[in-house]
Amino acid sequence: METPKHITIFHGPQHPGITGNMSIELDLVGETIQRATTHVGYLHRGFEKLVERRTIIQAFTIVCRICVPEPDPNETNFALAVEELAGIEISRRAKYIRVLVLELSRLSAQFLWMAGQSGSIGLYVVGQWAIADRDLILDLFEELTGGRVYHMYVYPGGVRRDLPDGFLDRVASLLTYLKKRLKLYDDIFINNASFKNRAVGVGVISKDEAIVNGYVGQALRGCGVKADVRKDAPYLVYDELDFEVPTQTAGDVYARALVRRDEMIQSVKILEQVVEKMPEGDIMVKMPTHRKFKLPKDDTWVKVESARGEFAYYMAGDGTEKIRRMQVRGPSLVHAFTLLEDMLVGAELSDVALIMNSLGICPPEIER
Amino acid sequence: MKWSIDIKGTLSPVSILGAFFEKPNTIAYPQVKKETAKGYRGFHTNTLAECIGCANCQDVCMNDAIDMIKTDMEYNAKNASQCIPRIDYGRCCWCSLCTDVCPPNSLKLDEEYMNVSKYASDFIYVPKNQ
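Just so it is clear, the model here is predicted, and its values are computed rather than measured.

**Points about the overall build of chain A**
Here is step 1 of the chain: Helix and strand counts for chain A come out as 14 helices and eight strands.
Here is step 2 of the chain: Taken against the 2.2 N^0.38 rule, which gives 21 Å for 368 residues, the C-alpha radius of gyration of chain A at 21 Å falls within 12% of a compact globule.
Here is step 3 of the chain: Dimensions along the principal axes, computed over C-alpha positions, put chain A at roughly 75 × 45 × 35 Å.
Here is step 4 of the chain: Out of the 368 residues belonging to chain A, those deemed buried represent 62%.
Here is step 5 of the chain: The contacts in chain A between residues at least 6 apart in sequence include a share of 70% that link residues at least 24 apart.
Here is step 6 of the chain: If you sum the accessible surface of chain A, you get close to 13,800 Å²; carbon and sulfur atoms cover 51% of it.
Here is step 7 of the chain: Separation of charge centres in chain A, based on 45 positive and 50 negative side chains, amounts to 4 Å.

Quick look at the structure:
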């Protein structure tokens, strides 16, 4: 019997190496990928349409579900857009608490990435340790917001609860612990020959390609472009905080891993400053009840830096208590189609999970 | 893919052995239970002596998880509608908007979060009186 030259397989949506509910159709010759086609649609929950049917305050509880690993950039974007349209200025304490939540959330998402990235090449100890360390951050979230994964905490007008007694001390002691752990992760993961041999030179993006196609986050910073919304268009109080934007030049999976590792160090640095500078004051401005809260006929575009890159919302009000239109533009849309489909051509089948995890693709952002 | 010899990279993961001398991160559940944080968003409780039956909670609930029902429990004299909220935990997303809008602050979320039952009707829940 003649051996077929090409074979087509579906990688996902139930494959453990896929980041979420999506699949990639791969045309293979041997182990080498000739063509990759992304298929989404397994997780369409219609967030943008659901938001149009609810009052603004009711819509606030939906947006965090757009990204499971990192819900807080969604909540912040939603709150920033509503506040900009309604002309609400929040207190300094609320801004600092939002930065605290965003950076803790970034760290937690990076630990989740570390678990996925190490799991994709079989280094399961790193994954289990990273998940255990992420759990310590989730414990803090549980105490602050009342929820571990979906926080529903960053509310238009401020934040919903004040910091519990001694919370900042617990954040500070966690940061001391995490600084020690990050050095250990360097030994067992980043400098590990097993990871380096698999990641160096795999999934390479050129700088020009990244800029032309609008890639964001580590995909862009991994090939030498210093772009970060926190520096380029500062929101909340990021302009008062001292931190750097880490970059690498190789543009491969390993460069993106190094960028993420450096970002974790910068997040710890930001959190230390937030703990030190946390001002006193109100956490919430007086807001109308949900039936009386109306947005003027206007539109806005807001963006924040999530753990995977620039995360933007378009929002339009029409003078009623409902949002006329909300559009979510997460980093995964362009990364899962334009970038991943090109990047997988010529790669090995065993590198698919490795490359996908390095981009941090999150399907709910694509089919929102 | 090219594999190269990397002595430092091969030896550096050996530091993982230090974990043998550390305490485990896990707990022996269910013998040892993790304490839930104060303020965790678990099941609802309702102080009937304070509930005024205003249905604000029902109005704000975006999942239509709250019904106002009549029961044989003893209500607050100021409860004009003589109804109290009943939550459908098949629909509730524990956003706690209902507790935010409660004028007498009688509806709250408790730290209790376990509800194991083989009957779907047990997830339609009248909050405990506290």
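Back to the text.
**Section: the packing of helix H12 (residues 332–344) of chain A against helix H13 (residues 352–359) of chain A**
Residue and element names in this part refer to chain A.
Here is step 1 of the chain: Interaxial distance between H12 and H13 falls to 11 Å at its minimum, and their mutual angle equals 145°. Our pair here, H12 against H13, has a crossing hand that is right-handed. Contact with H12, carried on its side by His335, Leu339, Leu340, Met343 and Leu344, involves Val352, Ile355, Met356 and Leu359 of H13 and no other residues of that element.
Here is step 2 of the chain: Residue classes in the contact of H12 with H13 are distributed as eight nonpolar, one polar and no charged.

**Some thoughts on the sheet that holds strand S8 (residues 323–329) of chain A**
All names here are of chain A.
Here is step 1 of the chain: Strand order in this open sheet of three strands is S6-S7-S8, and the pairing throughout is antiparallel. Because the sheet does not close on itself, it has two edges, and the strands there are strand S6 (298–306) and S8. Direction aside, neighbouring strands of the sheet carry axes that sit 15° apart on average.

**As for the sheet that holds strand S5 (residues 124–125) of chain B**
Residues and elements named next belong to chain B.
Here is step 1 of the chain: The antiparallel open sheet is built from three strands, whose spatial order is S2-S3-S5. Unpaired on one side and paired on the other, strand S2 (66–69) and S5 mark the two borders of the sheet.
Here is step 2 of the chain: The pairing of strand S3 (residues 84–88) with S5 spans two bridges and is antiparallel. Bridge assignment links Ile87 to a residue of S5, and that residue is Tyr125.

**Here we look at the pattern of salt bridges**
Residue and element names in this part refer to chain A.
Here is step 1 of the chain: Enumeration according to the criterion identifies 32 salt bridges over all chains in this entry.
Here is step 2 of the chain: Among the salt bridges present, the one from Glu240 reaches Arg92, with a minimum N-O distance of 2.9 Å. Note that Glu240 is positioned in the loop between helix H10 (229–232) and helix H11 (253–277) and Arg92 in helix H4 (residues 92–119), a separation of 148 residues in sequence.
Here is step 3 of the chain: Asp162 is the salt-bridge partner of Arg93, the closest N and O atoms lying 3.0 Å from each other. Separated by 69 residues along the polypeptide, Arg93 in helix H4 and Asp162 in the loop between strand S5 (158–159) and helix H6 (167–190) bring together distant segments of the chain.
Here is step 4 of the chain: You can call Arg93 buried: its relative accessible area is 8%.
Here is step 5 of the chain: Among the residues examined, Asp162 registers a relative accessible area of 38% and is labelled partly exposed.

The rules behind the values
- Per chain, residue numbering runs from 1 following the sequence as it is written.
- Each chain is given a letter, starting from A, and each ligand a number, starting from 1, according to the order in which they appear as written.
- Given that this is a predicted model, residues contribute local features only at a pLDDT of at least 70 and side-chain atom pairs are listed and counted only at 80 or more, while totals for whole chains, interfaces and linings are drawn from all residues.
- Calculated side-chain values reflect all of the structure's heavy atoms, with hydrogen atoms and water omitted.
- Secondary structure follows DSSP: runs of H or I at least 4 residues long count as helices, runs of E at least 2 residues long count as strands, and numbering of each begins at the N terminus.
- Taken over C-alpha atoms, the radius of gyration is set against a globule rule of 2.2 Å times the number of residues to the power 0.38.
- Each residue's exposure class comes from its accessible area (1.4 Å probe, protein chains only) as a fraction of the maximum for that residue type: buried when under 20%, exposed when over 50%, partly exposed otherwise.
- Only heavy atoms matter for contacts: two residues are in contact if any of them lie within 4.5 Å across the pair.
- Accessible surface area values rest on a Shrake-Rupley calculation with a 1.4 Å probe, where residue burial reflects the displayed protein chains alone.
- Here Asp and Glu are counted as negative and Lys and Arg as positive; His is not counted, and neither are the chain ends.
- Throughout, a charge is located at the NZ atom of Lys, the CZ atom of Arg, the CG atom of Asp or the CD atom of Glu.
- Only C-alpha atoms enter the line fits that serve as axes; for helices the fit covers just the stretch in contact. Angles between N-to-C directions range over 0 to 180 degrees.
- For any helix crossing, the convention is left-handed if the near helix is rotated counterclockwise from the far helix by under a right angle, and right-handed if that rotation is clockwise.
- Nonpolar residues are Ala, Val, Leu, Ile, Met, Phe, Trp, Tyr, Cys and Pro. Charged residues are Asp, Glu, Lys and Arg, and all others, Gly as well, are polar.
- At least two bridges found by DSSP between two strands are what make those strands a pair.
- Here a salt bridge means any side-chain nitrogen of Lys or Arg lying within 4 Å of a carboxyl oxygen belonging to Asp or Glu.

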